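# Per-entry structural report
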Amino acid sequence: MSTVVPHMAYPFLSQEWMDAARAIREQHADEVPDVAADLRINVAVTDVPFDDETVNAFLDTTSGAVVMELGELDEPDVTVTTDYPTAQALFVDQDPAIAMQSFMNGKIKVQGDMMKLMAMQTSLPSNEASEKIAQEIKDITQRPPETATD
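Quick summary incoming for the structure in this document.

## Comments concerning the overall build of the chain
- Looking only at helices and strands, the chain has five helices and five strands in total.
- Reading the secondary structure of the chain in the N-to-C direction produces α-β-β-β-β-α-α-β-α-α.
- Across the 150 residues that make up the chain, the buried fraction comes to 37%.
- Across the chain, the fraction of contacts at a sequence separation of at least 24, relative to all contacts at a separation of at least 6, is 71%.
- As displayed, the chain has an accessible area near 8,900 Å², and 53% of this comes from carbon and sulfur atoms.

## A short note on the nonpolar core
- Counting 28 residues, the largest nonpolar core has F12, L13, W17, I41, V45, M68 and F91 as the members making the most contacts within it.
- Of all elements in the fold, only α1 (15-27), β1 (40-46), β2 (55-60), β4 (78-83), α2 (84-91), α4 (114-123) and α5 (128-139) reach the threshold of two or more residues within this core.
- Considering each element in turn, this core owes the most residues, five residues, to α1.
- With residues up to four places along the chain from it excluded, the contact list for F12 reads W17, F50, Y84, A87, Q88, F91, V92 and T141.

## Remarks on the pattern of salt bridges
- According to the stated counting rule, one finds five salt bridges in the structure shown.
- The salt bridge partner of K116 is D77, with a shortest N-O separation of 3.4 Å. Of this pair, K116 sits in helix α4 while D77 sits in the loop between β3 (67-70) and β4, placing them 39 residues apart in sequence.
- On the accessibility criterion, K116 (31% relative accessible area) is partly exposed.
- Members of the salt-bridge network, linked through shared partners, are D19, R22 and E69.

## Things to note about the pairing of β1
- Burial within β1 is extensive, with five of its seven residues counted as buried.
- Of the strand pairs in this sheet, β1 and β2 are connected by six bridges, and their pairing is antiparallel. When the sheet's bridge partners are listed, V43 is paired in β2 with A57.

## Quick notes on the sheet that holds β4
- The five strands lie next to each other as β3-β2-β1-β4-β5, forming an open sheet whose pairing is mixed. At either margin of the open sheet sits one strand with a lone partner, and together these are β3 and β5 (108-112). The mean angle between the axes of side-by-side strands here comes to 20 degrees, regardless of whether they run parallel or antiparallel.
- Relative to the sheet, α1 contacts β2 and β3, its axis offset from that of β3 by approximately 165 degrees.
- Sheet contacts for α2: β1, β2, β3, β4 and β5; angle to β4, the most-contacted strand, approximately 120 degrees.

## Examining unusual backbone geometry
- Its identity as a non-glycine residue notwithstanding, D47 has a phi of 55 degrees, on the positive side.
- Relative to the helices and strands, D47 resides in the loop between β1 and β2.
- On the basis of relative accessibility, which here comes to 62%, the residue D47 falls in the exposed class.
- Backbone geometry places Q94, a non-glycine residue, at a positive phi of 50 degrees.

## Examining the pairing of β4
- Sheet analysis places β1 next to β4, joined by six bridges and oriented parallel. Paired with V45 across the two strands is T82, which belongs to β4.
- Direction of pairing for β4 relative to β5: antiparallel, over a ladder of five bridges. Bridging across to β5, V78 finds its partner in G112.

Here is what the cut-offs are and how they apply
Chains are numbered independently. Their residues run from 1 in the order of the written sequence. In view of the model being predicted, local features appear only for residues whose pLDDT reaches at least 70, and side-chain atom pairs are presented and counted only at 80 or more, with totals across whole chains, interfaces and linings using the full set of residues. Excluded from the side-chain calculation are hydrogens and water; included are all heavy atoms of the structure. Going along the chain from the N terminus, every DSSP run of H or I of four or more residues is numbered as a helix, and every run of E of two or more is numbered as a strand. Per-residue accessibility, obtained with a 1.4 Å probe over protein chains only, is compared with the maximum for each type, and a residue is labelled buried under 20%, exposed over 50%, and partly exposed between these values. Throughout, a contact is declared for two residues whenever any of their heavy atoms are within 4.5 Å. Each accessible area is a Shrake-Rupley estimate made with a 1.4 Å probe; only the visible protein chains count as cover when residues are assessed. To form a nonpolar core, buried Ala, Val, Leu, Ile, Met, Phe, Trp, Tyr and Cys residues must be joined to one another through side-chain atoms within 4.5 Å. Any carboxyl oxygen of Asp or Glu that lies within 4 Å of a side-chain nitrogen of Lys or Arg is treated as forming a salt bridge with it. In short, DSSP must find at least two bridges between two strands for them to pair. Here an axis means a line fitted to C-alpha atoms, over the contact stretch when the element is a helix, while the angle between two N-to-C directions is reported on a 0 to 180 degree scale.

Printed below as a string of structure tokens:
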């Protein structure tokens, strides 16, 4: 039974999106294996459609679970800077091809321990529950309009 209303979608990285994504992760927390790697990533996202400023968020797996919140960690292993569409492709669509292409094109800038960042790709647990979480988070994420209509 899902508590997410299918027609409710929020802009990626908005407070409403963070709250809904956290609720989804918490709802399935006991179904997902622990994350094997400890990684603390700060993410600075530029060109955010709903904010004039850069939006800062972080990802922390040191508790054994994936924690993603707005704000910054004091001592991250890695800081990633990228634009909004690329961040959404990375964190919502989880598209490794886009991630690699964006990195090669300079759309993703990484400061810190690159090896830890690369290790994360293989250490995030994947099972039916984690795939369900990923899909539910996609479902609550607004898609940017293909063309501006307003």
